[in-house]
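# Survey of secondary and tertiary structure
This is what each chain is made of:
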Amino acid sequence: MPIGKLPEFLPENALPYLKGWCGSFSLHIRITKERQSKLGDYRKLKDGSHKITINSTLPRPLFFFVLTHEIAHLIAFEKFGRNILPHGKEWKHTFREMLVESLAVYPEDLRPEILKFAKSPKANFLASHGIARYFHNPEGNLVTVEELSAGERFSYKGRDYEVLARRKINYLCREARTGKQYLFKPLATVQKL
């Protein structure tokens, strides 16, 4: 992808960080259609260049966050060698430094969550409730199932449900129309009724 198109997917002021991190590498960034299985990935190609793919449908701050995650793989493998674990201590150290360095790129209300996440980065941003909640509900008009109490009702994909109880991690809910019971993930975003 030509670098000229990349800014349309990035938050303001993000490009200088990318140029600084990737300037000495031969890197191909491919913007893909939405994939349910992953948001982005990194591979070193046989010719020694690097390839990152990233979903085009991500909000700008999440696009930059995922791109930073993938570039951290590139930098960690180049700096520490190919025998490191993909999400091991070398990658965590690299990603942590990159997140802290680029903190100003993120919206002000997201920065505390980015700093908290950077203390011990995980392979998936969903491991951070604060970051997951932010990206699943940027307008603040939805709630997560874990924020509801037993007996409260919500709408999800055009159907109405009632929260029955928490089951270990997930939440048991009953669909109002059919009476069928379903398990919902704690961070499922729903419209409270």
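Residues numbered from 1 in each chain as written. Predicted model: local features only at pLDDT ≥ 70, side-chain atom pairs only at ≥ 80, totals over all residues. Heavy atoms only, no water.

## Some details on helix α3 (residues 89–101)
Applicable threshold: Comment: elements are numbered from the N terminus, with helices defined as DSSP H or I runs of at least four residues and strands as E runs of at least two. To estimate the expected span of a helix, subtract one from its residue number and multiply by 1.5 Å. Note on exposure labels: buried denotes an accessible area under 20% of the residue type's maximum, exposed denotes more than 50%, and partly exposed covers the range between, all computed with a 1.4 Å probe on protein chains only. The arc refers to the directions leading from the helix axis to the C-beta atoms. Two residues qualify as a contact provided that any one of their heavy atoms is within 4.5 Å of a heavy atom in the partner residue.
The terminal C-alpha atoms of α3 lie 18 Å apart, and with 13 residues this matches the ideal 18 Å at 1.5 Å per residue to within 8%. Looking at α3, one finds that the buried residues are Glu90, Trp91, Thr94, Phe95, Met98 and Leu99. What you see down the axis of α3 is that its buried residues fit within an arc of 160 degrees, all on one side. Of the surrounding elements, those touching the buried residues of α3 are α1 (15–22), α2 (60–80) and α4 (111–118).

## Describing the sheet that holds strand β9 (residues 189–192)
Sheets are built from strands paired through backbone hydrogen bonds, the pairs being either parallel or antiparallel. Stated formally: Note on pairing: two strands pair once DSSP finds at least 2 bridges between them.
If you walk across this open sheet you meet the 6 strands as β4-β9-β5-β6-β7-β8, and the pairing is antiparallel. Bordering the open sheet on either side are β4 (143–144) and β8 (181–184), each of which pairs with just one other strand. With 4 bridges connecting them, strand β5 (residues 153–156) and strand β6 (residues 159–167) associate as antiparallel partners. Residue pairing for β6: Phe154 is matched across the bridge by Tyr161.

## Observations regarding the sheet that holds strand β1 (residues 27–32)
The condition that has to hold: Only C-alpha atoms enter the line fits that serve as axes; for helices the fit covers just the stretch in contact. Angles between N-to-C directions range over 0 to 180 degrees.
Spatially, 3 strands are ordered β1-β3-β2 in an open sheet, and the strand pairing comes out mixed. Strands with a single pairing partner mark the edges of an open sheet, and in this sheet they are β1 and β2 (40–44). Between one strand axis and the next, the sheet turns by 15 degrees as a mean value, whatever way the strands run. Of the pairings in the sheet, the one linking β2 to strand β3 (residues 50–55) comprises 5 bridges and is antiparallel in character. Bridge pairing links Tyr42 to Ile52 in β3. Against the sheet, α2 engages β1, β2 and β3, with an angle of about 160 degrees to β3.

## Let's talk about the UniProt feature "domain: SprT-like" (unreviewed entry) in the protein chain
Put simply, the test is: UniProt positions are given in the numbering used here, feature names are shortened, and annotations may be inferred rather than shown by experiment.
In this structure's numbering, the residues bearing the UniProt feature "domain: SprT-like" (unreviewed entry) are residues 26–98. The annotated region residues 26–98 carries 42% helix and 23% strand content, and the separation between its end C-alpha atoms amounts to 19 Å.

## Looking at the nonpolar core
Formally: Residue types Ala, Val, Leu, Ile, Met, Phe, Trp, Tyr and Cys, when buried and joined through side-chain atoms within 4.5 Å, form a set referred to as a nonpolar core.
Within the largest apolar cluster, 43 residues are counted, with the highest numbers of intra-cluster contacts made by Leu10, Leu18, Phe65, Leu67 and Ile71. Counting 11 residues, the second-largest nonpolar core is a separate cluster that includes Phe154, Tyr161, Cys173 and Phe184.

## Details of the pattern of salt bridges
To keep things clear, this is the line we draw: The salt bridge definition used is simple: a Lys or Arg side-chain nitrogen within 4 Å of an Asp or Glu carboxyl oxygen.
In this structure the tally under the stated criterion is 7 salt bridges. A salt bridge links Glu8 to Lys5; the nearest nitrogen and oxygen atoms lie 3.8 Å apart. Residue Glu8 is classed as partly exposed on the basis of its relative accessible area of 44%. Measuring nitrogen to oxygen at the nearest pair gives 2.7 Å for the salt bridge that ties Asp41 to Lys38. Residue Asp41 is classed as buried on the basis of its relative accessible area, which comes to 17%. Assessed through its relative accessible area of 33%, Lys38 is described here as partly exposed.

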